[in-house]
Amino acid sequence: MASGHPELVDDISREINDFGPITFARFMELALYHPQFGYYMRGPEDGSERIGWQGDYYTSSDVHSILGQALARQAEQIDRLLGQPDPFTLVEMGPGKGLLAKHILSACRIGSESFRRRLRYILIDRSPAMRKIQRHNLSQWLTEPDMMTWADQLDALASAGVTGMVFSNELLDAFPIHRIHMTSEGLQEVHVDYQDGQFVDCLKPLSTAALDTHLRELHHNWPEGYRTEVNLQALDWMKQVARCLNRGVVLTIDYGHTAHDFYRPERKTGTFLCYSKHSTNETPYQCVGAQDMTAHVDFSSLAAVGETHGLQITGFTNQLSFLMGLGVEAMMAELQPESPEFQSAIHLLKPNGMGGIFKVLVQHKGIEAPNLDGLKYKPFMESALTGLESKVGA
Ligand SMILES: C[S@@+](CC[C@H](N)C(=O)[O-])C[C@H]1O[C@@H](n2cnc3c(N)ncnc32)[C@H](O)[C@@H]1O
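Residues numbered from 1 in each chain as written. Predicted model: local features only at pLDDT ≥ 70, side-chain atom pairs only at ≥ 80, totals over all residues.

## So, the overall build of the protein chain
Then, number 1: Helices and strands together make up the secondary structure of the protein chain, namely 15 helices and 16 strands.
Then, number 2: At 21 Å, the protein chain has a C-alpha radius of gyration in line with the 21 Å of a compact globule built from 394 residues.
Then, number 3: With respect to the three principal axes, the spread of C-alpha positions in the protein chain is 65 × 50 × 50 Å.
Then, number 4: Across the 394 residues that make up the protein chain, the buried fraction comes to 46%.
Then, number 5: Nonlocal contacts in the protein chain, meaning residues at least 24 apart in sequence, comprise 79% of its contacts between residues at least 6 apart. (Helix = DSSP H or I, 4+ residues; strand = E, 2+ residues; numbered from the N terminus. Rg over C-alpha atoms; globule rule 2.2 N^0.38 Å. Buried ≥ 20, exposed ≤ 12 C-beta atoms within 10 Å, placed from the backbone. Contact = placed C-beta atoms within 7 Å.)

Below, the structure written as structure tokens:
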């Protein structure tokens, strides 16, 4: 029998029995976001944490507050460039436990009084269980009237429009992805069937015209047996962000690559991985709903869709360079050298670790191309996104 959350396995297998094999994207959607039994949707009352040292994986904000401090500085600079609007809105999407928000707001306490007074912080997370954890971790800011609010979805902000900064850390890697497989007859899409009590892969034609169009625009030359992913939901999300931002900056942090690097022929098995208790595996049909699933982000396609919908590319860099530009050396100087805290901060900077793997895409709208401190150092990525092989404007 397939292992995992029993009611979730029942629901997914029933859907397959009733309607036939489902796309891998649908399987991942249900495994992570089934309204009752999905990995992110069940509360911590079921006994297991998701994010953090007691959970399945950790993010930058579990490690140290320097990313939050840097984002606060970046937001203050953007506020000045926008002419100090009232309100200046920070929209954080997919805040998880809310720790990054906590670090940003703590850092803002020592910033300018005017910025603090005009700041409105909006959190958007599709998981009610995560929203509950966020409220708990951010309780000290809930007493300040209207300062912090939750929105159900990004589109809810579109009519009023946002002036400020829309940002996310490790949001897009948690979106369900379509898995693609090159066969001798061309590209097929991985679907999920249920046979003899087990979920199994089966290959079928591409499920949507949008996927077909996107794959054509990648101009790939993949060998037979090549397997990769396409994150269509991230491209739709980018369009929503473009719709809801009036004036300001979009800052997207995630592990990922340019399309050229992501879809190079040698990357034969894609980037999809499952995380459980801080180890990785490639078996999504085990522990269904009890482990995280993730895939890297194709930043070129994201930037290209953004451009088509009114978001100009400001720059593209990695987490190490972003943090350096925003004064991480001075932040580190305040820590005791070799202390555990110092070592944690170093962890976020390592070029072969989180400092290099995590990328930062910055886009702007309604302002002149801003000279942002977070983009001071982008040595090897200056033109990475503008030399796109992929021009996805759908
Ligand atoms: C990997 S966690 C990110 C954690 C957090 N940003 C951090 O830095 O620790 C992904 C979060 O995104 C949320 N999420 C996933 N899809 C979403 C969507 N479409 N809209 C809003 N939140 C979403 C999940 O519920 C989860 O809280």
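Alright, that's what it looks like, and here's the rest.
## As for unusual backbone geometry
Then, number 1: For the bond from aspartate 86 to proline 87, the omega torsion is 5°, close enough to zero to count as cis.
Then, number 2: With respect to the secondary-structure elements, proline 87 resides in the loop between helix H4 (66-81) and strand E2 (88-93).
Then, number 3: Despite not being glycine, aspartate 196 shows a phi value in the positive range, around 50°.
Then, number 4: With respect to the secondary-structure elements, aspartate 196 resides in the loop between strand E7 (186-195) and strand E8 (198-204).
Then, number 5: Judged by the 7 C-beta atoms lying within 10 Å of it, aspartate 196 is exposed.
Then, number 6: Of note in this structure, cysteine 287 is not a glycine but carries a positive phi near 50°.
Then, number 7: Inspection of the secondary structure puts cysteine 287 in the loop between strand E12 (279-281) and strand E13 (292-294).

## Focus on the nonpolar core
Note that soluble globular proteins tend to have their nonpolar side chains buried in a common cluster.
Then, number 1: With 95 residues, the main nonpolar core has Val241, Leu302 and Leu323 as its most contacted residues.
Then, number 2: Discounting chain neighbours no more than four positions away, the residues touching leucine 323 are Ile66, Leu67, Ala70, Val328, Leu348 and Leu349. (Core = buried A, V, L, I, M, F, W, Y, C linked by C-beta atoms within 7 Å.)

## Let's talk about the site of the ligand
Then, number 1: Lining the immediate environment of the ligand, one finds 20 residues, of which Thr59, Gly94, Gly96, Ser127 and Asn169 sit closest.
Then, number 2: Taken together, the residues of the shell around the ligand sort by class into 11 nonpolar, 6 polar and 3 charged. (Near = placed C-beta within 6 Å. Nonpolar A, V, L, I, M, F, W, Y, C, P; charged D, E, K, R; others polar.)

## Digging into the sheet that holds E13
Then, number 1: Pairing is antiparallel in the open sheet, where 3 strands are placed in the order E12-E11-E13. In the strand order of this sheet, the two ends are held by E12 and E13, each with one partner. Averaged over all adjacent pairs, the angle separating strand axes in this sheet is 30°, with direction ignored.
Then, number 2: Bridge analysis of strand E11 (residues 273-276) against E13 gives 3 bridges, and the strand direction is antiparallel. Paired with leucine 273 across the bridge in E13 is threonine 294. (Pairing = 2+ DSSP bridges. Axes fitted to C-alpha atoms, helices over the stretch in contact; angles between N-to-C directions.)

## Concerning the packing of H4 against helix H5 (residues 99-108)
Then, number 1: At a closest axis distance of 8 Å, the pairing of H4 and H5 adopts a crossing angle of 55°. Viewed along their axes, H4 and H5 adopt a mutual orientation that is oblique. Relative to H5, H4 is oriented so that their crossing is right-handed. Across the interface between the two elements, Leu67, Gly68, Gln69, Leu71 and Ala72 of H4 pack against Leu100, His103, Ile104, Ala107 and Cys108 of H5. (Parallel < 35°, antiparallel > 145°, perpendicular 65-115°, else oblique. Left-handed = near helix turned anticlockwise from the far one by under 90°.)

## Let's talk about the packing of helix H9 (residues 232-244) against helix H11 (residues 299-308)
Then, number 1: Contact geometry of H9 with H11 gives a least axis separation of 9 Å together with a crossing angle of 35°. Helix-helix and strand crossings are classified by hand; for H9 and H11 the assignment is right-handed. Across from Ala234, Leu235, Met238, Lys239 and Ala242 in H9, the residues of H11 making contact are Ser301, Leu302, Val305 and Gly306.
Then, number 2: A class-by-class count of the residues in the contact of H9 with H11 yields 6 nonpolar, 2 polar and 1 charged.

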